[in-house]
Amino acid sequence: MMKDITIGQYFPGNSVIHRMDPRMKLVLTFLYIIVIFVCKNFYSLGAMVFALVLMVLFSQIPVKTILKSVKPIFIIIVFTAILNVLYTTNGTILFEWKFIHISTGGIYTAVFMVIRIISLVVASSLLTYTTSPTLITDAIERLLSPLKFMRNSVHTIAMMMTIALRFIPTLIEEFDKITSAQKARGADLETGTLVERAKALIPIFIPLFITSFRRAYELAYAMECRCYHGGEGRTRMKQMKLHGFDVVGLVFMVVVTAGVVSLNIVFPHLI
Amino acid sequence: MEEILKFDNVSFSYDEITEDTSRTEYAIRNVSLSIKTGEYVAVLGHNGSGKSTFAKLCNGILVPDEGQVLVNGLSTHNPSDDETENLEHIMKIRKDVGMVFQNPDNQIVATIVEEDVAFGPENLGVDPLEIRKRVDESLKAVGMYEYRGHEPHKLSGGQKQRVAIAGILAMQPRCLVLDESTAMLDPRGRREVMNTVRKLHDDLGMTVVFITHFMDEAVTADRVVVMDKGHVIMDGTPKEVFKNAERLREVGLDVPQATEFSIELSKIGLNVPTDTLNTDECVEALSALLEE
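In short, a report on the structure. (Residues numbered from 1 in each chain as written. Chains lettered and ligands numbered in written order. Predicted model: local features only at pLDDT ≥ 70, side-chain atom pairs only at ≥ 80, totals over all residues. Heavy atoms only, no water.)

**Looking at the overall build of chain B**
Assigned secondary structure in chain B consists of 11 helices and 10 strands. Here the C-alpha atoms of chain B give a radius of gyration of 21 Å, agreeing with the 19 Å that 2.2 N^0.38 yields for 292 residues. The principal-axis extents of the C-alpha atoms in chain B amount to approximately 65 × 55 × 35 Å. Each of the 292 residues in chain B was classed as buried or not, and the buried ones make up 55%. Excluding contacts between residues fewer than 6 apart, the proportion of contacts in chain B whose partners are at least 24 apart in sequence is 64%. Here chain B displays about 12,900 Å² of accessible surface, and carbon together with sulfur accounts for 47% of that area. Of the side chains in chain B, 30 bear a positive and 51 a negative charge, and the two mean positions are spaced by 3 Å. (Helix = DSSP H or I, 4+ residues; strand = E, 2+ residues; numbered from the N terminus. Rg over C-alpha atoms; globule rule 2.2 N^0.38 Å. Buried < 20%, exposed > 50% of the residue type's maximum accessible area, 1.4 Å probe, protein only. Contact = heavy atoms within 4.5 Å. Areas by Shrake-Rupley, 256 points an atom, 1.4 Å probe, with all protein chains shown as cover. Lys, Arg positive; Asp, Glu negative; His and termini not counted. Charge placed at Lys NZ, Arg CZ, Asp CG, Glu CD.)

What follows is the structure, encoded as structure tokens:
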């Protein structure tokens, strides 16, 4: 069950979005996230959703997979919706009971917030679906590399991120294995108070830490054997080059941003 | 033939070496050995025989306390006090002697197969187009080309180990050292890795040093080196080495089943050769005996 975790889930493909420069994708995703918070009304938000749908279509990622990325935050979405319905009281009152007031304004705000959160999540997962984690960390490294004075630490941080992402599934597997081993020795993980259950995790985490250290040593040896010596003098197999479609993506995003800003001015109200 | 790897009276200890050498516990003691280009050498030994230390000495991860290890004529000792010079020197050695370890999970760095294979040449500063070419060639050589876009944790043990081998091949080494690379695999994975290594040796003429404690894996080698307590105790062709079943058992090793079978048969007075290495040879010997 824990293997289904979707951190940095990458879907190999050959779509335009896949082939876009990871740096551009990273920048555009950030831009998208910022712009989505700039949206003030349903018209501008509609433009953003439209843009997102276009991007999803171009990425050729199945809609089902995209929806799966929203599943983990379902509770947050529901919670946000309820809070917004309860706390916004403008517009016509539809329902009133003791302290609960449900108004049209509240429902509109709730819908607005829900669409906003979903677009946010879908946009960022579109980035991780179409870009391998190594490329994302690579892109971060390259985007930050003008910071000359901390160049080496930028490389180190990027390498650390790559290794961390690489070892998440391995450590989850290890965790499952140790859990089974401790259960076989009679460890009780499911019953008892919260404190007792937390304590029961200690015999799982200690072996996990010890093996992690051993892994770290072995990985360091293996990396040294493959001539790793930090970021200096390193080349990359995957060169990052701006293509025509990267420029198209940028122009598209700029147009969408401009559209959102003008729609905000034209329609000053939420709806 | 050219010598790719030469151990010149090498001793190594994990402890501090004191004046009184009789009290030092050596992991490797006075080992002299030379491996020629294109050889397929199996290094056998029980736990604690020093065979893993031997592997680590091959490419300068460990540096001998006494004697020296020469890779392609270069000593693994630091040549000077200058750090950059030392780095260049050790990189030259590690580029020539590629090492594959036991646990495939702990030697794969990247999250995508082809990116991991590219890791070595990237460190060497190879041109991007050339890296692409080498990555494709290496993955094809180990039969993992179709998996180039996969995530390593979704592969089987044998496949991961083949990816690790491809990662070394992409550095274009002259010698491949496998430090018990099959020990953690299931029989199928072990066969996959063995066949891959065999193919690299036969097709590309790769020098292979195969460290193992499985006798059956040593049978196909050109040469078998047996280690015990830090010493080399036997060195010869598989036939020569496995004839000494008694001596091998003394140091905690077995002989291949076929060899043991024929040795037992000859003990009860049957006229069979005692140097059969595999089932086929054994069958041949027996049918010859039956025809008589």
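Moving on from the coordinates now.
**Focus: the sheet that holds strand β1 (residues 3–12) of chain B**
Within a beta sheet, neighbouring strands are joined by backbone hydrogen bonds and run either parallel or antiparallel to one another. Residue and element names in this part refer to chain B. Spatial ordering of the open sheet is given by β2-β1-β4-β5, a layout of four strands whose pairing is antiparallel. Each edge of the open sheet carries a strand with a single partner, namely β2 (28–36) and β5 (74–75). In this sheet, β2 lies alongside β1 in antiparallel orientation, the contact comprising six bridges. Bridge pairing in β2 links F7 to L33. The sheet strands contacting helix α1 (residues 51–58) are β1, β2 and β4 (66–71), and the helix crosses β1 at an angle near 125°. (Pairing = 2+ DSSP bridges. Axes fitted to C-alpha atoms, helices over the stretch in contact; angles between N-to-C directions.)

**Considering the pairing of β4 of chain B**
Residue and element names in this part refer to chain B. One ladder, built from five bridges, connects β1 with β4; its direction is antiparallel. Within β4, the residue paired with L5 across the bridge is V71. Sheet topology places β4 next to β5; two bridges connect them, and they run antiparallel. The residue of β5 that forms the bridge with V71 is L74. The turn joining β4 and β5, which pair antiparallel and follow one another in sequence, is formed by two residues; a positive phi near 55° is taken by N72.

Functional significance is not addressed by these values, which are geometric in nature.
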